[in-house]
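Spelled out, the chains give:
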Amino acid sequence: MPMNDLENLLNRATDAFQKGIKARQQGDLNKARESLFQAAEILYLAAETSHGSLRETRKLLAQKIQAEAETLTRPSPAVVLKKSSTPQSQPIGGDDQQAESWLVREQPDVSFDDIAGLEDVKEQIRLKLLYPFTHAETAARYGIQAGGGILLYGPPGTGKTLIARAVAGEIQAAFFSIKPSEVMSQWVGVAEQNVARLFSEASAYEVSVIFIDEMESLAPRRRTSGSTVMQRVVPQLLAELDGFHKRENALLLIGATNEPWAIDGAILRPGRLDRLIYVPPPDMAARIRILELNLKDAPLAHEISLDDIASHTEGYSGADMAAVAHRARERAFLAAIQGGETRPIATSDFEAILADMRPSISPQEMRRFEEFKLHGLSGI
């Protein structure tokens, strides 16, 4: 790490430590504890990038600051979160609205019909998450309980987030979409309490779906992570997962990752995120469908063949295909502005785009995902 970056970490740790000491002197133990934990966490990061005796010295100092923080009174319980009464995306919170702004409940209006291709993926999800709701009596007869967790993994841009939203849309569930940074950034030192708060709020609804993107950031392999926050967050997450079937209301957890090999193995054990579902790049039929959806109502020249265009996009992700359609619209739009006359989107527009565009997923990345699909963590 460059010296300027290390100095920045040390300055931030010092600032947080001084704020913690000042808050403790003023009797604000909640703020003092949070600031001291933040100082310890930053100092751990600084220690990891230090060398020689400085590395151990800073690590020991971080441990002392952490121990000091743990002697202080824990933060008072958060205000009771109120349920949103509207189907719109809306923050949930009481008076502490700013503190809870990351916790948002939505009611998605998308379904599996809005997802091109991925029929095998959809069927795996239906079996694990949806059929126990739509065929409740049959599920009860075979001892299949509603609720549980899955991990969607695959290259970026293959539609994992849309799939999660569609799951909630299929069963009209409350939907909570969370990124690890939203849990961690403002609540350093009490992140595990945010995890508990998230599951508690989701459990207040008859049916709810929690979607955690970048799962590897919230639950990394603990033996490779020097973060003290992660050492507390992962056990808290495991405790929430172990309580899935003890909840009165149905709760589904969907994790998503581009790096399944970086996730703590304990998260993937039976009863937790025990169904790993690979979300690959779209096949030929799906690529055609994505073009159709993204060019809906666009003025297309009569000679255009979406089948032919899709045949030249092997290895493109769903996001890549959407970008191809969008850039074709832009080319025709720009030509209309410059030429003063509108024209339909032509085959030449797509040819020009594909000549300059390459798939966002490399062959090396694809090979690694295929290896993981075959062998799991043992093959990495």
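Residues numbered from 1 in each chain as written. Predicted model: local features only at pLDDT ≥ 70, side-chain atom pairs only at ≥ 80, totals over all residues. Heavy atoms only, no water.

This paragraph deals with the packing of helix α4 (residues 119-134) against helix α6 (residues 160-170). Closest axis-to-axis distance for the α4/α6 pair is 12 Å, and the angle between their directions is 50°. As summarised for this structure, α4 and α6 are arranged oblique, according to the angle between their axes. Crossing of α4 over α6 shows right-handed handedness. Taken together, the residues of α6 that come into contact with α4 (itself represented by Val121, Ile125, Leu129 and Leu130) are Ile163, Val167 and Glu170. (Axes fitted to C-alpha atoms, helices over the stretch in contact; angles between N-to-C directions. Helix = DSSP H or I, 4+ residues; strand = E, 2+ residues; numbered from the N terminus. Parallel < 35°, antiparallel > 145°, perpendicular 65-115°, else oblique. Left-handed = near helix turned anticlockwise from the far one by under 90°. Contact = heavy atoms within 4.5 Å.)

Another aspect to go through is the pairing of strand β5 (residues 207-212). A large share of β5 lies buried, amounting to six of its six residues. Of the two faces of β5, the one holding Val207, Val209 and Phe211 and the one holding Ser208, Ile210 and Ile212 are both buried throughout. With six bridges joining them, β5 and strand β6 (residues 250-257) adopt parallel strand pairing. For Ser208, the partnering residue across the bridge sits in β6 and is Leu251. (Buried < 20%, exposed > 50% of the residue type's maximum accessible area, 1.4 Å probe, protein only. Pairing = 2+ DSSP bridges.)

Turning to the pattern of salt bridges, a few remarks are in order. Enumeration according to the criterion identifies eight salt bridges in this entry. One salt bridge connects Asp15 with Lys19, and the closest N-O pair in it is separated by 3.4 Å. Residue Asp15 and its partner Lys19 are located together in helix α1 (residues 3-25), separated by four residues, close to a single helical turn. Residue classification places Asp15 among the partly exposed residues on the basis of a relative accessible area of 37%. Overall, the relative accessible area of 46% leaves Lys19 in the partly exposed class. Measuring nitrogen to oxygen at the nearest pair gives 3.1 Å for the salt bridge that ties Lys128 to Asp274. Of this pair, Lys128 sits in helix α4 while Asp274 sits in the loop between β6 and β7 (275-278); the two residues are 146 residues apart in sequence, bridging distant segments of the chain. You can call Lys128 buried: its relative accessible area is 16%. (Salt bridge = Lys/Arg side-chain N within 4 Å of Asp/Glu carboxyl O.)

Moving on, we get to the packing of aromatic side chains. Counted by the stated rule, this structure contains seven aromatic pairs. Aromatic pair Tyr278 and Phe369: ring centres 6.3 Å apart, planes at 25°, arrangement stacked. Taken together, the positions of Tyr278 in strand β7 and Phe369 in helix α15 (residues 363-375) put the pair 91 residues apart, joining distant regions of the chain. For the pair shown, Tyr278 and Phe369 are each scored as buried. Arg368 extends its terminal NZ or CZ atom over the ring of Trp261, reaching a point 4.0 Å from the ring centre. (Phe/Tyr/Trp six-rings, centres within 6.5 Å; stacked < 30°, edge-to-face > 60°. Lys NZ or Arg CZ within 6 Å of the ring centre and 35° of its normal.)

So, about the confidence of the model for the chain. The share of residues in the chain with pLDDT of 70 or more is 83%, and the mean pLDDT across the chain is 79. Considering each helix and strand of the chain separately, the mean pLDDT is smallest for strand β1 (residues 90-91), with a value of 44, and largest for helix α12 (residues 306-311), with 95. pLDDT under 50 marks residues 74-99. Its contacts with residues more than four places away, or in other chains, come to 52 contacts. (pLDDT = per-residue confidence, 0-100.)

Let's shift gears to the nonpolar core. Residues Phe199, Ile210, Met215, Leu237 and Ile267 are the most contacted members of the largest nonpolar core, which totals 28 residues. Taken together, the elements giving at least two residues each to this core come down to β4 (174-178), α8 (191-202), β5, α9 (215-218), α10 (228-242) and β6. Leu237 has contacts with Val195, Phe199, Met215, Leu218, Ala219 and Ile267, leaving out every residue within four places of it along the chain. Ala164, Leu252, Ala256 and Ile277 belong to the second-largest nonpolar core, a separate cluster that totals 26 residues. (Core = buried A, V, L, I, M, F, W, Y, C linked by side-chain atoms within 4.5 Å.)

This paragraph deals with the packing of helix α13 (residues 318-339) against helix α14 (residues 347-356). Helix-helix packing is characterised by the crossing angle of the two axes and by the distance between the axes. One can describe the packing of α13 onto α14 by two numbers: an axis separation of 9 Å at closest approach and a directional angle of 125°. Considered as vectors, α13 and α14 are oriented oblique to each other. Considering how the two elements wind past one another, α13 and α14 form a crossing that is right-handed. Residues Val324, Arg327, Ala328 and Arg331 of α13 form the contact with α14, whose participating residues are Ser348, Asp349, Phe350, Ala352, Ile353 and Leu354.

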